[in-house]
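Listed below, chain by chain, are the residues.
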Amino acid sequence: MASRGAGAAGPGGAARGPRCRDRSRRGRPGRGAAAAGRSRGRGRGRAGELGALRGAAAAVALSRGPVLTRPCRSAGDPAPAAEPSSGGGEGAAAAEARSDAGPDGSGETSRGAGNGPVPAAPRKRGRKSKAELLVLKLSRDLQCPAPEPLCVQKALDGSEAAEGLEAAPGRRPKRRAARVALLYLQELAEELTSAYQPPAPNEGAQEPEPERVQKKRRRKKEEETDSDDPAQDTDFVPSKEVLLQAEEEEGSDALLSEVSESELEPLRRHSMRTSSAGRSKPQCRGLAPNGFPNSVMVPVEKCSSITCSLREQKYSRWEFPDWIPLVHKWTCLSESEAAPYLPVEEKSPLFTIQREGIEDNGALYRLNRFNSLQPHEERRDVSFFVGGPVWAMEWCPTPEGSAAPQYVCLYCHKSMDETHSVAGLHRGPSLLQLWSLGTLQQEGSADKAGLAYAVATDHGCVWDMKFCPSGAWEPPSTSRKHPQMSRLGLLAVAFSDGSVVLYALPHPGALQSCQRTQVKDGSLPKHVICKVQCTTTLQVGSIQAGSASESGQCFSLSWMPSKPHHHLAAGFYDGTVAIWNLLTKSLLQRVCQPDGSLKLYPFQSFLAHDHAVRSIEWCKANSNFLVTAGNDRKIKFWDLRRLYEPINSIKRFLSTEVAWLLPYNGVTVAQDNCYASYGLCGIHYIDAGYLGFKAYFVAPRKGTVWSISGSDWLNTVAAGDITGELVAAVLPDLAINPLNVKRSSDRRFPVYKADLLPCGPTGPENGEQALPKTRLYSEMVAKAYIRFRDTDLRSFKNFSSREPMRRMHAQEVKAELSLDRLQLESLHKVRFSPNLDSQGWLLSGGQAGIVRAHCMAGLASGTDQQLLPQCHARFSSLYGAEPCSPGPAAASPLPAE
């Protein structure tokens, strides 16, 4: 048996050496030659069919025009079948050598299965030559009809078994990447050729300009296709760049702008179809009338429409009809009685205002307590002095279209040097101030601000306050029987003694008329200051164990944004979040006091953080969701139906305040940089977790950001920091992944910058004089003054080259921060107006006690101009008179729902 096996091995039966192995490779008869010949014959039969199809496709392409297509054979493809020889003298090895021989070894001739020779294109090695062939044909011959998909599919079906996952000798294992790539590119070619329309003959035969872009993409794709890197030898998976290849980047915008609109319109239609599979991004180019790019202003228009429609659904005309201000609960104090509650400082620090584009005369101002400057005729900015550092501030909501006077309630410390510990409880005299700013409109002159009245309390300092979002305001001309007064709003105040107190505030006109009847001698005090019996007191715990000292001070409040607004949430020092039902009838949660007021206990309490809850905010679109930020450096999103764990918990930095805008699924966070020595410090947008977006960096800040506020109408957030800069940023459409946002630095702009400069006895110092290193207000105010540099917010044209923007970008990272002195220029509270009539107005106040109001007239959109007349007409039809115009008394808007 062994001899027979050796004899079958080859002539002579000798040991097999290199020569025999070489003969075996060249096809000489030997052991297993018959089986190998049969396998090779089947492979060559399939390859012959594939070669015939390729030759036919090449002949059709050549008959249509001079197309630079070159069918190539992969390194592992079997050789095409040779033409049978008449003499039979040539064997398989000779035919293969003749078909594969060439100067470069790639082969130059091939014969088809027909009668005559078929012209063949030169071949080159490379496993992705099919994709290269189609890319070349697509880029060179877009005007020709696409090849029949049936031929390519047949060729693929015929070669599928041969290509499979075989391993060619000395080659990499074949995969299906080339087949998938070819199918994908063929589908793309069909879409492009169907969408592209060739120009008319009279337009000339000049090649369109987008050809250069196609060539650039083709070269890039060829480099990626011809790569022999084994790490890149993976199955073909269309990347996001390929899916969105029709969507141009910023670098190619200038190139595409040279092409006519008629030539680019079909490609844009294809781009919109392709991009819809990945993400929907509006194609907004050009500039808006205010100077901002259209891509920045489109989300503003969208948010205005969404805010108006959702407020019609979630806001109410009238709520809490039993909580009406009564005359006998408001006792006006004389000047001697009100003195313990007044701020200590009677005069403001020296300050000057420099407005962009207006020559400054360098005038220094010093305001008396509770006085204001006359608004500027052009810019209409308002400035007034409240007497101490501002730590709480809120706008009074008014119905859309009411055109009513705007009011702001705020609190300031009694002394400029006053500090309070967050641990423990604190009680003492304090003053809530209600300021009237007049009818703030987008156009026209502004009214001078004035103190309407003040409320004296003994619950300690105020850390937060919130108005009922809707249903608490009624027209000032509403007729009510004595002792009731027309109601301005419902205000919830968080005090440092751990209590939350609700006040029913009357209109200033109704209160002043009642005050005249109380004063017998006819001498009216200069300012109306009243001692008020509150409507309701909210306390943590329960009836059996109601101790305010257990949870500590209350730092944050949030009123449920949807009607009937009967829930109020508060965050406390020990990390507890308590939620009260203001309309409860339960005897376990509602206690009537001897003076007629109510004491309510929460129906829901849970431990949200390991430390104090710095900020709390309700979701405006869905009242089941809540967000909290604590001193444990965590931001938590809660579903009130499942409080056993938060929806999402993020530990990033120490947050001071959060703002949850209406249309988005996340919050904008203000950051304290005491834990952020490295990295990005400032303002961040954080997704709640449903969309899975990464945090979006809104604006960098050098120091601590004390406060942040958002406008649902303008899709804009504003923040004030310790350096005295008030910066605003127009947010992108955050329903789309914000990582795709380009040039976020162009979306933010300074409203004004406050600088503390040295000042001598006669005025500002011209020389280089350092500020005193002191933390006492009396020493600092004697040697320094504040300079406010305002930005012209009426237009944003050429904004990147204007001085405020250049200064902001230069100081965002390199600004010096002095913590060894009193930060007299720092801003503690910032608030956007929530009302449609005054939507563009922004209020800010800080350590100096100077509160300023600015109008962002340049951000007004066309949607807002259309909404205002409609809302005015709706308000007039509901109340039967012109908006807030004196006339016959209107009926009380009792609840009709």
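Calculation criteria
Residues numbered from 1 in each chain as written. Predicted model: local features only at pLDDT ≥ 70, side-chain atom pairs only at ≥ 80, totals over all residues. Heavy atoms only, no water. Helix = DSSP H or I, 4+ residues; strand = E, 2+ residues; numbered from the N terminus. Buried < 20%, exposed > 50% of the residue type's maximum accessible area, 1.4 Å probe, protein only. Contact = heavy atoms within 4.5 Å. Expected span 1.5 Å × (residues − 1). Pairing = 2+ DSSP bridges. Axes fitted to C-alpha atoms, helices over the stretch in contact; angles between N-to-C directions. Phe/Tyr/Trp six-rings, centres within 6.5 Å; stacked < 30°, edge-to-face > 60°. Lys NZ or Arg CZ within 6 Å of the ring centre and 35° of its normal. pLDDT = per-residue confidence, 0-100. Core = buried A, V, L, I, M, F, W, Y, C linked by side-chain atoms within 4.5 Å. Patch = residues over 30% accessible without salt bridge, like charges linked within 9 Å, V, L, I, M, F, W, Y side chains within 5 Å. Areas by Shrake-Rupley, 256 points an atom, 1.4 Å probe, with all protein chains shown as cover. Salt bridge = Lys/Arg side-chain N within 4 Å of Asp/Glu carboxyl O. Parallel < 35°, antiparallel > 145°, perpendicular 65-115°, else oblique. Left-handed = near helix turned anticlockwise from the far one by under 90°. Nonpolar A, V, L, I, M, F, W, Y, C, P; charged D, E, K, R; others polar.

**Q** Would you mind going over the overall build of the protein chain with me for this structure?
**A** On a plain count of helices and strands, the protein chain comes out with 17 helices and 35 strands. Looking at the protein chain as a whole, 50% of its 897 residues are labelled buried. Within the protein chain, contacts between residues separated by at least 24 positions form 67% of all contacts whose residues are at least 6 apart in sequence.

**Q** Help me out: how do you make sense of the environment of Leu505 in this one?
**A** Residue position: Leu505 is located in strand 10 (residues 500–506). In the structure, Leu505 is positioned 30 residues away from Thr535 in sequence and 9.9 Å away in space, judged by C-alpha atoms.

**Q** In this structure, what is going on with helix 17 (residues 862–879)? I would like to understand it.
**A** Three- or four-residue spacings in an α-helix give side chains the same orientation, since the helix completes a turn every 3.6 residues. Taking 1.5 Å per residue as the helical rise, helix 17 with its 18 residues ought to reach 26 Å, and the 27 Å between its terminal C-alpha atoms agrees with that figure. Among the residues making up helix 17, those that are buried are Thr863, Asp864, Leu867, Leu868, Cys871, Phe875, Ser876 and Tyr879. Next to the buried residues of helix 17 lie helix 12 (294–314).

**Q** How do you make sense of the sheet that holds strand 7 (residues 450–457) when you look at a structure like this?
**A** Whether parallel or antiparallel, the strands of a sheet pair through hydrogen bonds between backbone atoms. Spatial ordering of the open sheet is given by 1-11-7-6-5-4, a layout of 6 strands whose pairing is mixed. Strand pairing shows two members of the sheet lacking a second neighbour, strand 1 (330–332) and strand 4 (390–395), which therefore form its edges. Pairwise comparison of adjacent strand axes, ignoring direction, gives a mean angle of 25° for this sheet. Bridge count for strand 7 against strand 11 (residues 529–532) is 3 bridges, and the pairing is parallel.

**Q** Would you mind going over the packing of aromatic side chains with me for this structure?
**A** For any pair of aromatic rings, the description rests on two quantities: the centre-to-centre distance and the angle between the ring planes. Applying the stated criterion across every chain, the model contains 19 aromatic pairs. Among the aromatic residues, ring-to-ring pairing joins Phe292, Phe749, Phe796 and Phe799 into one connected group. Geometry around Phe788 places Arg852 over its ring, the cationic atom sitting 4.8 Å from the centre.

**Q** What am I meant to see in the confidence of the model for the protein chain here?
**A** Detailed reading of the predicted coordinates is not advisable wherever pLDDT falls low. For the protein chain, per-residue confidence averages 74 on the pLDDT scale, and residues scoring 70 or more make up 64% of the total. Note that pLDDT drops below 50 for residues 56–118; the model gives that stretch 79 contacts with residues more than four away or on any other chain. Segment residues 882–897 is flagged for pLDDT under 50; beyond a separation of four residues in sequence, or across chains, it makes 31 contacts in the model.

**Q** Just checking my understanding: could you explain the nonpolar core for this structure?
**A** Generally speaking, a soluble globular protein has its nonpolar side chains buried in company with each other. Formed by 61 residues in total, the largest nonpolar core has its most connected members in Val698, Phe749, Val751, Met856 and Leu859. Setting aside residues up to four positions removed in sequence, Val751 forms contacts with Leu726, Val727, Ala728, Arg789, Asp790, Thr791, Leu793, Leu842, His854 and Met856. Counting residues in hydrophobic clusters, the runner-up holds 39 residues, among them Tyr411, Leu511, Phe555 and Ala612.

**Q** Looking at this structure, I do not really get a nonpolar patch on the surface. What am I missing?
**A** A surface patch of nonpolar side chains, amounting to about 290 Å² of accessible area, comprises Ile647, Tyr690 and Leu691. Note that Leu691 resides in the loop between strand 25 (682–687) and strand 26 (696–700).

**Q** Got a minute to help me understand the packing of helix 12 against helix 17 in this structure?
**A** Each pair of packed helices can be described by the angle between their axes along with the distance between the axes. Relative orientation of the contacting elements helix 12 and helix 17 amounts to 20°, with a least axis distance of 8 Å. Considering the angle they form, helix 12 stands roughly parallel to helix 17. Of the two elements, helix 12 crosses helix 17, and the hand of that crossing is left-handed. Residues Glu301, Ser304, Ser305, Cys308 and Glu312 of helix 12 pack against Gly862, Thr863, Asp864, Leu867 and Arg874 of helix 17. Of the residues contributing to the contact of helix 12 with helix 17, the split by class is 2 nonpolar, 4 polar and 4 charged.

**Q** Please clarify how the sheet that holds strand 18 (residues 604–607) should be interpreted in this entry.
**A** The antiparallel open sheet is built from 4 strands, whose spatial order is 13-14-15-18. Across the chains shown, the open sheet's two edge strands, defined by having one partner strand only, are strand 13 (554–559) and strand 18. With direction set aside, neighbouring strand axes in the sheet form an average angle of 15°. With 4 bridges joining them, strand 15 (residues 576–581) and strand 18 adopt antiparallel strand pairing. From the neighbouring strand, Val577 faces strand 18, where its bridge partner is Phe606.

**Q** Help me understand the pattern of salt bridges, please; the structure alone is not making it clear to me.
**A** Close approach of charged atoms allows side chains with opposite charge to pair. In the structure shown here, the tally under the stated rule is 27 salt bridges. In this structure, the salt-bridge partner of Lys466 is Asp464, at a minimum N-O distance of 3.2 Å. In this pair, the class of Lys466 matches that of Asp464, namely buried. Arg789 serves as the salt-bridge partner of Asp755, at 2.7 Å between the closest nitrogen and oxygen. Of this pair, Asp755 sits in strand 30 (residues 748–760) while Arg789 sits in strand 32 (residues 784–790), and the two are 34 residues apart along the sequence. Take Asp755 and Arg789: they sit in the same class, and that class is buried.

**Q** Looking at this structure, how should I read helix 12?
**A** Counted at 1.5 Å a residue, the expected span for helix 12 with its 21 residues is 30 Å, and the 30 Å between its end C-alpha atoms agrees. Of all the residues in helix 12, the buried ones are Val296, Met297, Pro299, Val300, Cys303, Ser304, Thr307, Cys308 and Arg311. The secondary structure elements touched by the buried residues of helix 12 are strand 29 (725–730) and helix 17.

**Q** Sorry, what's going on with the pairing of strand 27 (residues 705–711) here?
**A** Put simply, side chains in a regular strand alternate between the two faces of the sheet. Judged by how many residues are buried, strand 27 sits mostly within the fold: 5 of 7 residues are covered. Pairing between strand 27 and strand 28 (residues 716–721): 6 bridges, direction antiparallel. Bridging across to strand 28, Gly710 finds its partner in Val717.

**Q** Teacher, can you tell me more about the pairing of strand 7 here?
**A** Where burial is concerned, most of strand 7 is hidden: 7 out of the 8 residues are buried. The sheet contact formed by strand 6 (residues 430–438) and strand 7 spans 7 bridges and is antiparallel. The residue bridging Leu434 from the neighbouring strand is Tyr453, located in strand 7.

**Q** Whenever I open this one, the environment of Ala392 confuses me. Can you help?
**A** Mapped onto the elements, Ala392 comes out in strand 4. Ala392 sits in the buried class, given a relative accessible area of 1%. Each C-alpha atom, one on Ala392 and one on Gly846, is 9.8 Å from the other, the two residues being 454 residues apart in sequence. In this structure Ala392 touches Cys409, Leu410, Tyr411, Val462, Trp463, Asp464, Met465 and Lys829, once residues within four positions along its chain are discounted.

**Q** Teacher, can you tell me more about unusual backbone geometry here?
**A** Negative phi characterises most residues that are not glycine, and trans characterises most peptide bonds. Note the cis peptide between His482 and Pro483, where omega equals 15°. Note that Pro483 resides in the loop between strand 8 (462–467) and strand 9 (487–495). Cis geometry marks the peptide bond from Lys563 to Pro564, where omega comes out at 10°.

**Q** How do you make sense of the environment of Leu734 when you look at a structure like this?
**A** Considering the arrangement of structural elements, one finds Leu734 in the loop between strand 29 and strand 30. Once the C-alpha coordinates of Leu734 and Asp687 are considered, the two residues, 47 residues apart in sequence, prove to be 8.9 Å apart.

**Q** How should I be thinking about the side chain of Asp792 in this particular structure?
**A** Here Asp792 is to be found in the loop between strand 32 and helix 16 (803–814). Those residues in contact with Asp792 that sit more than four places away from it in its chain are Glu356, Arg379 and Arg802.

**Q** Is there a simple way to think about the side chain of Arg311 in this case?
**A** You can see Arg311 is positioned in helix 12. Taking the relative accessible area as the measure of exposure, Arg311 reaches 12% and is therefore buried. In contact with Arg311, not counting residues within four places along its chain, are Glu400, Asp712, Trp713 and Pro834.

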